[in-house]
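These are the residues of each chain, in order.
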Amino acid sequence: MALSAALAGALAAAACHTPDPKALLDVSEVDAYWAVEPPMGGEQYIAPAVKFRLHDKSEAPQTSVQAMAVFRRKGEENLTWGSGFEQVASRRAPLAPGQSMVVTLKSDARYHSGGAVEGMLAHPQFRDALVEFFLRVGASGWVSFGQAPVERRIGARGVAEALGTASPYAPPSASATPSR
């Protein structure tokens, strides 16, 4: 009886193990940029975004992975300006051992203007942003996997290069007003 109680206790302890996201996952190819949102009511919108490659370096499928990004404006690093969240892997769509995927998180805070999108980046009221991104596996806590400045560039690195818009600054022409 004592042996079965000890075995049950050991199995329960193993089942309640909190996963360590850094031991199971790694991140590469981090890119932080400004994403164009659909226009509304004659206004153009841009939001900070972060994109990274997530890799399952474990030997087991990950069935519960969540990603979150917190965006802050430079000079206001102690205040959250916006955030983004995504369920990256689930029981229905697990992340297999050795598998990689691209994760993109976009802020719910944005700038808006009645003028051209490119003009927002050069407007005097425009404030640069920073992003910190976190991952959680199962019942683990949120673990920071990095932070980066959001580059003054419309679109992800590959998209901007393909469009020939490598120069991030456009002449000032429109007002850039933050919104939430």
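Before reading further, recall that the structure is shown in the block above.
Residues numbered from 1 in each chain as written. Predicted model: local features only at pLDDT ≥ 70, side-chain atom pairs only at ≥ 80, totals over all residues. Heavy atoms only, no water.

Participant: Any details on the packing of aromatic side chains? Residues and values, ideally.
Facilitator: Considering all chains together, one arrives at seven aromatic pairs under this definition. Taking the centre distance of 5.7 Å and the plane angle of 50° together, the rings of Trp 34 and Tyr 111 count as tilted. Linking Trp 34 in strand S1 (residues 25–40) with Tyr 111 in strand S6 (residues 110–113), this pair joins segments that are 77 residues apart in sequence. Arranged with centres 5.0 Å apart and planes meeting at 35°, the rings of Tyr 111 and Phe 126 form a pair that is tilted. (Phe/Tyr/Trp six-rings, centres within 6.5 Å; stacked < 30°, edge-to-face > 60°. Helix = DSSP H or I, 4+ residues; strand = E, 2+ residues; numbered from the N terminus.)

Participant: Residue-level account of the side chain of Ser 107, with values.
Facilitator: For Ser 107, the position within the fold is in the loop between strand S5 (100–106) and S6. Given a relative accessible area of 2%, Ser 107 falls into the buried group. Aside from chain neighbours lying at most four places away, what touches Ser 107 is Ala 47, Pro 48, Phe 71, Gly 82 and Ser 83. (Buried < 20%, exposed > 50% of the residue type's maximum accessible area, 1.4 Å probe, protein only. Contact = heavy atoms within 4.5 Å.)

Participant: Break down the nonpolar core for me, citing the residues and quoting the values.
Facilitator: Leu 25, Trp 34, Ile 46, Val 50, Phe 52, Leu 54 and Val 131 are the most contacted members of the largest nonpolar core, which totals 32 residues. Of all the secondary-structure elements, those providing two or more residues to this core are S1, strand S2 (43–56), strand S3 (65–73), strand S4 (82–89), S5, helix H3 (117–120), strand S7 (129–137) and strand S8 (143–150). Looking at this core element by element, the count peaks at five residues for S7. Ignoring any residue separated from it by four or fewer positions in sequence, one finds Val 50 in contact with Val 30, Asp 31, Ala 32, Ala 69, Phe 71, Val 103, Thr 104, Leu 105, Val 131 and Phe 133. (Core = buried A, V, L, I, M, F, W, Y, C linked by side-chain atoms within 4.5 Å.)

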